Amino acid sequence: MAKSCEEIYVSRVEAGIRSIRMGSKTPNEAQVPVWLNKLRLVNDGLYDDYMQKYKNIMKDYEKRKNKVW
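As the structure is a computational prediction, the values presented were derived from the model and not from experiment.

> Any details on the packing of helix α3 (residues 32-42) against helix α4 (residues 44-66)? Residues and values, ideally.
Interhelical geometry of α3 versus α4 gives an angle of 155° and a closest axis separation of 7 Å. With respect to each other, α3 and α4 are oriented roughly antiparallel. In contact with Val32, Pro33, Leu36, Leu39, Arg40 and Val42 of α3, α4 contributes Asp44, Leu46, Tyr47, Tyr50, Met51 and Tyr54. In the contact of α3 with α4, the residues fall into 10 nonpolar, no polar and 2 charged.

Here is the structure:
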């Protein structure tokens, strides 16, 4: 069964956010904003939800990046 564009965009955004949180990818490698912009064209409500999650994960990422061990 083929996935819709919306499902593909959501899965890419979720995977990108997860990989940033886990530290396996940098935000540049994850390309979350690219997929968020595509999702916005299809579903504004989901875009808003995932944008908030992305902002939160980026705050955490910045804290971890700037933390000195």
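> Which residues make up the packing of aromatic side chains, and what values go with them?
Within this structure, the stated rule accounts for 1 aromatic pair. Ring centres 6.0 Å apart and planes at 35° place the aromatic pair Tyr9 and Trp35 in the tilted group. Linking Tyr9 in helix α1 (residues 5-22) with Trp35 in helix α3, this pair joins segments that are 26 residues apart in sequence. One exposure class covers both Tyr9 and Trp35, and it is buried.

> Can you tell me about the environment of Asn66, naming the residues and giving the values?
One can find Asn66 in helix α4. Using a relative accessible area of 54% as the deciding quantity, one classes Asn66 as exposed. A sequence separation of 62 residues divides Asn66 from Ser4, and the C-alpha atoms of the two residues are 39 Å apart.

What counts and what doesn't
- Residues numbered from 1 in each chain as written.
- Predicted model: local features only at pLDDT ≥ 70, side-chain atom pairs only at ≥ 80, totals over all residues.
- Heavy atoms only, no water.
- Axes fitted to C-alpha atoms, helices over the stretch in contact; angles between N-to-C directions.
- Helix = DSSP H or I, 4+ residues; strand = E, 2+ residues; numbered from the N terminus.
- Parallel < 35°, antiparallel > 145°, perpendicular 65-115°, else oblique.
- Contact = heavy atoms within 4.5 Å.
- Nonpolar A, V, L, I, M, F, W, Y, C, P; charged D, E, K, R; others polar.
- Phe/Tyr/Trp six-rings, centres within 6.5 Å; stacked < 30°, edge-to-face > 60°.
- Buried < 20%, exposed > 50% of the residue type's maximum accessible area, 1.4 Å probe, protein only.

These figures come from the coordinates and say nothing about function on their own.
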